[in-house]
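These are the residues of each chain, in order.
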Amino acid sequence: MRILAFESSCDETSAAVVTKTHDGFKIESNIVASQIDIHRLYGGVVPEIASRAHVEAISKITYEALRVAGVSLSEIDLVAVTANPGLIGALLVGVNFAKAISAANKIPLVAVDHIKGHIAAAYLLEGDKPTPPFVALAASGGHTSIYKVLDYTTPTVIGSTRDDAIGESFDKIGRMIGIPYPAGRGFDELSREGFIRATEDEVNFYKNYKKSAAYQDSDMTLPSPALTGDTFDLSFSGLKTAAINLLHKYEQRGEPIDRALFAARYTYEAVEAVAKKISLALDKNPGCDLVVSGGVAANSHLRARLAEIASKRKVKIFIPPISLCGDNAAMIAAAGYYEYAAGRLADSSLNASALDSL
Ligand code: KG4
Ligand code: ZN
């Protein structure tokens, strides 16, 4: 089965052609047109500008996805599209385009939840793939949630942030220390510099960080976003507010803050909190492997820390390559295949929704 998929929930317009084979998926093309350069001017995504940019890009990238895959629309068996959650105007562009392609070419249509898509990026891995039930983390600009994935189409939330998402917090705090939007990757690199400097260790810098003088520095103390107790929930707003106050304190004193050491401290608290809740989720769900997904799954410190947790528990960990962590249509194709296999076809009444459905 050959799937043409679309993703337009935020600031990336993407179209992909993915074939379901007997032992997995083959990505024939996965074109991502990023709007980052446009939104960077404003320090974040401007919804109306995002919708217009999707309208401008979607036809071009669809032709490109078909051209790279070397197929025509007559060779497509299924159309899949992200229908929620996300920016409503942005989602509507993909949904209406997909509906038009499906209707005009009489190709079945499926609607995909964006987060199911992120988790499904792990099914695109070559070789060993996750099989439900498993525990999944979706960490992105809008989500920080932990799921128990019962079967290919049923992730159920077992924990999530009660306020800000981890990616959003990296973007906001990153902006305050001069990292351009989206700050996640720059934050990752700056933290690495901070960890290495704090520990003078280029290999085990994360592991040794807690023992360093920089970690003990009471001026740099930040709270953990992990809620106490047996809950899997997190809260990033306290960490974010404390970080903003810390930056203001330095500003008022007229002292420049060490950006790298600050970024390392912030990353450490964010990653340790997620690590704590993922450990709890794995302990409470014996026999479950771990999938790590979403744009923040690209974070090198988070990847390494969660790999360590999984290995300690002899649990398999599946993390998509960085190119499939951020928003892309190939992951929507994989999730769409399972919606189709479960008989959940959409029709011309399909509408987009900004809301979470999980
Ligand atoms: O999944 P995604 O592409 O879009 C949403 O669904 O939100 O995630 C984007 C988020 C942004 O907040 C971005 O800063 C973050 O992922 N991100 C990272 C890294 N690369 C991207 N965060 C931390 N470390 C990274 N290396
Ligand atoms: Zn996403």
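**Section: the side chain of Thr161**
Looking at the secondary structure, you find Thr161 in the loop between strand S8 (154-160) and helix H5 (166-176). When its relative accessible area of 13% is taken as the criterion, Thr161 is described as buried. From its side chain, Thr161 meets the backbone oxygen of Asp164 in a polar contact 2.6 Å long. Among all residues touching Thr161, those that are not within four sequence positions of it are Thr144, Leu234, Ser235 and Phe236.

**Regarding the sheet that holds strand S7 (residues 144-151)**
One open sheet holds the five strands; their spatial order is S8-S7-S6-S9-S10, and the pairing between them is mixed. Edge positions in the sheet fall to S8 and strand S10 (317-318), since each has one partner strand and no second. In this structure, S7 lies alongside S8, joined through six bridges in antiparallel fashion. When the sheet's bridge partners are listed, Val149 is paired in S8 with Pro155. Strands strand S6 (134-139), S7, S8 and strand S9 (289-293) of the sheet are contacted by helix H10 (residues 259-284), whose axis makes an angle of about 160 degrees with S6.

**Description of the domain arrangement of the chain**
Examined at the domain level, the chain breaks down into domain 1 (2-125 + 326-341) and domain 2 (134-319). Centre-to-centre separation of domain 1 and domain 2, based on C-alpha positions: 28 Å. Taken together, the contact between domain 1 and domain 2 spans 19 residues of the former and 19 residues of the latter. At the boundary of domain 1 with domain 2, total buried surface from both sides reaches about 1600 Å², with 73% on carbon and sulfur atoms. If you look at where domain 1 meets domain 2, you find zero salt bridges. Viewed at the interface, domain 2 and domain 1 are joined by three residue pairs in polar contact (both at pLDDT 80 or more). Broken down by secondary-structure element, the contributors of at least two residues to the side of domain 1 that touches domain 2 are helix H1 (36-40), helix H4 (114-120) and helix H13 (329-341). Per-element accounting of the side of domain 1 that touches domain 2 gives the leading share, four residues, to H4. Considering only residue class, the side of domain 1 that touches domain 2 consists of ten nonpolar, five polar and four charged.

**With respect to a nonpolar patch on the surface**
A surface patch of nonpolar side chains, about 330 Å² in accessible area, is lined by Ile38, Leu41 and Tyr42. Mapped onto the elements of the fold, Leu41 is located in the loop between H1 and helix H2 (47-69). On the accessibility criterion, Leu41 (69% relative accessible area) is exposed.

**Description of the site of ligand 1**
The immediate surroundings of ligand 1 are formed by 18 residues, with His118, Gly141, Asp171, Gly295 and Asn299 found nearest. Contact distances for ligand 1 include 3.0 Å between an oxygen atom and a backbone N or O atom of Gly184. Note that an oxygen atom of ligand 1 is positioned 3.0 Å from one of the backbone N or O atoms of Gly295. Contributing elements (two or more residues each) for the shell around ligand 1: H4, H5 and helix H6 (184-199).

Calculation criteria
Residues numbered from 1 in each chain as written. Chains lettered and ligands numbered in written order. Predicted model: local features only at pLDDT ≥ 70, side-chain atom pairs only at ≥ 80, totals over all residues. Heavy atoms only, no water. Helix = DSSP H or I, 4+ residues; strand = E, 2+ residues; numbered from the N terminus. Buried < 20%, exposed > 50% of the residue type's maximum accessible area, 1.4 Å probe, protein only. Polar contact = N/O pair within 3.5 Å; in protein donor to acceptor, adjacent residues only side chain to side chain. Contact = heavy atoms within 4.5 Å. Pairing = 2+ DSSP bridges. Axes fitted to C-alpha atoms, helices over the stretch in contact; angles between N-to-C directions. Domains from an automatic or database assignment. Buried area = accessible area lost by both parts, 1.4 Å probe. Salt bridge = Lys/Arg side-chain N within 4 Å of Asp/Glu carboxyl O. Nonpolar A, V, L, I, M, F, W, Y, C, P; charged D, E, K, R; others polar. Patch = residues over 30% accessible without salt bridge, like charges linked within 9 Å, V, L, I, M, F, W, Y side chains within 5 Å. Areas by Shrake-Rupley, 256 points an atom, 1.4 Å probe, with all protein chains shown as cover. Near = heavy atom within 4 Å.

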